[in-house]
Each structure stands twice: as structure tokens, then as C-alpha cells.
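# Notes for the structure review
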Amino acid sequence: MLSLTSPIRTPFHRIPAGPKLLALLLVAGGTMALADPVPLAALLLAVAVLFAAGGAGFARHGLRVMRPVLPLVAVLMAWHLWLRAPEAGLVMILRMLVAMVAANLVTMTTRLDQMIAVVQRVAAPLRHIGLRPEALALAIALMIRFIPVMSTRVAQIGDAWRARSRRRPGWRIVMPAALAALDDAEQVSEALRARGGLS
Amino acid sequence: MERNLSMIALFAALIAVLTLVPQIHLPFGVPITAQGLGIMLCGTVLGAKRGALAVLLYLAVAAMGLPILSGGRGGLAPFFGPSAGFLIGFPVAAFVIGWIVERWRAGIGTVAFVASVFGAIPVLYAFGITGLVLFATKETSFATATAAMAVFLPGDILKAVLAAAITRSLARARPQAILSRA
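Cut-offs and rules
- Residues numbered from 1 in each chain as written.
- Chains lettered and ligands numbered in written order.
- Predicted model: local features only at pLDDT ≥ 70, side-chain atom pairs only at ≥ 80, totals over all residues.
- Helix = DSSP H or I, 4+ residues; strand = E, 2+ residues; numbered from the N terminus.
- Buried ≥ 20, exposed ≤ 12 C-beta atoms within 10 Å, placed from the backbone.
- Contact = placed C-beta atoms within 7 Å.
- Axes fitted to C-alpha atoms, helices over the stretch in contact; angles between N-to-C directions.
- Left-handed = near helix turned anticlockwise from the far one by under 90°.
- Nonpolar A, V, L, I, M, F, W, Y, C, P; charged D, E, K, R; others polar.
- Domains from an automatic or database assignment.
- pLDDT = per-residue confidence, 0-100.
- Parallel < 35°, antiparallel > 145°, perpendicular 65-115°, else oblique.

On to the overall build of chain A. If you tally the helices and strands in chain A, you get eight helices and zero strands. Listed N to C, the secondary structure of chain A is α-α-α-α-α-α-α-α in terms of helices and strands. Considered along the principal axes of its C-alpha atoms, chain A spans approximately 60 × 50 × 35 Å. Evaluated residue by residue, chain A yields a buried proportion of 29% over its 199 residues.

So, on to the overall build of chain B. Secondary structure summary: chain B contains seven helices and two strands in total. In terms of principal-axis extent, the alpha carbons of chain B reach across some 50 × 30 × 25 Å. Counting the 182 residues in chain B, one finds 56% classified as buried. In chain B, 71% of the contacts between residues at least 6 apart in sequence involve partners at least 24 apart.

Turning our eyes to something else, we now look at the packing of helix H8 (residues 174-194) of chain A against helix H1 (residues 2-19) of chain B. Describing two packed helices takes the angle between their axes plus the distance from one axis to the other. Two elements in contact, H8(A) and H1(B), have axes whose closest approach is 8 Å; the angle formed by their N-to-C orientations is 145°. Classified by chirality, the crossing of H1(B) by H8(A) is right-handed. Contacts from A:Ala181, A:Ala185, A:Val188, A:Ser189, A:Leu192 and A:Arg193 of H8(A) reach H1(B) at B:Glu2, B:Arg3, B:Ser6, B:Met7, B:Leu10 and B:Leu14. Tallied by class, the residues present in the contact of H8(A) with H1(B) amount to seven nonpolar, two polar and three charged.

At the junction of the two partners, chain A supplies 51 residues and chain B supplies 40 residues. Listing elements by their share of the side of chain A that touches chain B, those giving two or more residues are helix H1 (17-33), helix H4 (70-82), helix H5 (86-108), helix H6 (112-122), helix H7 (133-164) and H8 of chain A.

Domains assigned within chain A are domain 1 (11-122) and domain 2 (130-194). Centre-to-centre, using C-alpha coordinates, domain 1 of chain A lies 36 Å away from domain 2 of chain A.

What follows concerns the environment of B:Ala148. All names here are of chain B. Within the secondary structure, alanine 148 is located in helix H6 (residues 142-149). Owing to 17 C-beta atoms within 10 Å, alanine 148 belongs among the partly exposed residues under this scheme. Each C-alpha atom of the pair alanine 148 and leucine 41 lies 25 Å from the other, and the pair is 107 residues apart in sequence.

Moving on, we come to the confidence of the model for chain A. Summing up the model confidence of chain A, the mean pLDDT is 85 and the portion of residues at 70 or higher is 98%. Averaged over each element, pLDDT in chain A is lowest for H4(A) (80) and highest for helix H2 (residues 37-53) of chain A (91).

Right, let's get into the environment of A:Ala88. Residue and element names in this part refer to chain A. In this structure, alanine 88 sits in helix H5. Here alanine 88 falls in the partly exposed class, since 18 other C-beta atoms lie within 10 Å of it. Separated by 13 residues in the primary sequence, alanine 88 and valine 75 place their C-alpha atoms 14 Å from one another.

Let us now look at the packing of helix H4 (residues 84-103) of chain B against helix H5 (residues 108-135) of chain B. Residues and elements named next belong to chain B. For the pair H4 and H5, interaxial distance at closest approach is 8 Å and the crossing angle is 155°. It follows that H4 is roughly antiparallel to H5 by the angle criterion. By crossing handedness, the relation of H4 to H5 is classed as right-handed. Across the contact of H4 with H5, the residue classes tally to 19 nonpolar, seven polar and no charged.

Turning to the environment of A:Arg9, a few remarks are in order. Residues and elements named next belong to chain A. Structurally, arginine 9 can be placed in the segment before H1. Overall, the presence of 12 C-beta atoms within 10 Å leaves arginine 9 in the exposed class. Sequence separation between arginine 9 and arginine 121 is 112 residues; the distance between their C-alpha atoms is 25 Å.

To continue, consider the confidence of the model for chain B. All names here are of chain B. Residues of chain B with pLDDT of at least 70 account for 91%, and the chain-wide mean is 87. Predicted confidence in chain B is weakest over strand S1 (residues 24-25), with a mean pLDDT of 58, and strongest over H4, with 95. Scored by ipTM, the complex comes to 0.87, with pTM at 0.82.

Now the structure itself:
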């Protein structure tokens, strides 16, 4: 499974995940305090400059991940033009773009294991309400592993179906796939218990 | 404990797999996926608390940068976008669905259907619409946002039917796996 972390190394990769996430929260919160398009555009430019500092390839990658947002931007602008409130539309679009571009910068320069470490640290106080950080880290790892396991199961059951029938496998493989997935989860839990469990 | 943990991880992965199933995009940027089916199954099979935890796990892993949200999105950006209200509503919807299935001890198929409709339509839409309205400027009213949600209705009812059928079959084949009724 592909992660969204950029393979292109930038100076931002070396900054620890915690400060980056904190900075992101400040920037996203800051955009809510600004209601004028000019400072918001300046902020967007500043975040874009940070992307450019990562090199041309990195900046191109940053632009590519923003592409799905463009139709939304167009629709929002059209809607506000129709409402005769272009400035309000511009403020809203700029706020969204600043927060999203800054969030992408953090996502693209932080490895998954660093993120898991932050989650583990932030979740530590939840120990008092019965959620153990080790259990959380294990659940994250298990879930990430289950995604390809489940896809493989569906593919296997589809192959078995095609070996028996000339018709296409459709909804009929849903139940066998669901049962196989449940049995996989049961086996994992037995394996965990056999290895001493979460005690 | 180990069993709860692996079931929660499994259902979190199930939401991810169902979300990546081919999907249709609506013009205002909120895509239709089988994701809702995954959320419903979390509630009907795992129950309130575990179901909500599975959805939270899915969101946490998506936020950490795996492209498992609708449209292959991931990372932190979607949590600042117009569909953030739905993302926040997902665990609440799963909790409500699970809560109903745990409390109302009629036939599991019927209960799962009613609970899924209730959790995925009024409860989840309330969060989604609030998100859209807060995100948009004052010019977008609750009425327009609510009207825009109508396009989701047929799909969500179909998903509730599927969730009920799958839950009922699972209850027959693996009764011990229906943690909401354990």
C-alpha cells in the first residue's frame, strides 16, 4: 500500500512530526482569523514558497495532489459569482487552499512511522480511560496489513468462482469474502493470545 | 481484548477497501462510494463502542497519510475541506447504529436496516450539512445544503439494505462474530 509521503527528500523531512503538526494547526487556525483576501493570498504564496524550497520535482508533486480540488474551486467561484459575492468566495477558496496545501506539505514530508509515534504520544493520556497506546499502535499496524489481505481474499474467491463458472463473479462472492475476512481476524486474535496477548 | 482489537482493525480495513471501490463524483466535490456501507457494518456487527473505534482508527490512519479516503485522498488536507463534517460524523453514525442494534432486540435484519438508515441519514447528514454550511460563506443556507444532500438518499437507502442483508447472513454463518449482540 502506497503512502502519501514524498520519496523526494527535502529539508522538511528532517523536522520532527510534532512541531510540523503544531505549525499546521496554527496556520489552519490563522486562516479563520483572516477575512481579507490579500493577507490570505500572501499566506498561500508563503506556503507555495515552502513547497518550492523542496525543489522542482517536489513542488510539481505538490501541485499534482492539489489537482482534484480544482473543480471544486471552480464550482465555488461560479456559485459566489452567481450570488454576486466574489470577495466572500475568494476568501473561502483561499482559506481552503492555504489549509490544504499546508496539510499536504506536512503529509508529504512525514513518514508513517513518525506519524504513528506522534499518535502514540498524543494518545498516552487516554491510558486513564482504558485505551493503551501500545494497543493503538498494534491496531494501526494490523489495519494497514488487513487492507491488502482482504483484497487478496476477494481476488482468490473471484478466481475460484471463475474456475467453476463462465458467468462473472458479482455480489455472490460478497458473503464468502466477508466470512473469510472474519476468520482471518479470529486467527490473528488467537495468534496474539498465543504469543502472550496484550498484557 | 485481542479479539476486539483484531475485529476493530479488520473493520477499519473493510471501510478502506469499500471506499476504494470504483465510485462516482458529484459536481460539488463530495464523491459517492461504498464507504457508507463499511460505516454501517461497523455499527451493526461490532456494536456502538467498538464500531465507533473502528471508524476512528480508519480516520486516524487516513490522517496519517494513507490514501484511503474517498477519491484516493488521504493525509490531513481532507480534514480541512468541505467534507470534513462527514468525516467527523462517521464515528458518531457508527456509534448510533451500534447503539440501536445493541438495545433493540428484534430480528437482526430489520433492526440493522432501521439502525443503518437512521445513523447514515439523519445523524450523518446533520454533521455533513453543518460542515458544508460552516465551511461555506453565509450565502449558503442550511436549506440549499440540505437540498443538495438529496442526491445521496437513494444510494444510502440501498447501502442500508445491503448492510442489513450482510449482517443477517453473518449472524447465521458466524453468530459469535456479531459482537453487537454478544
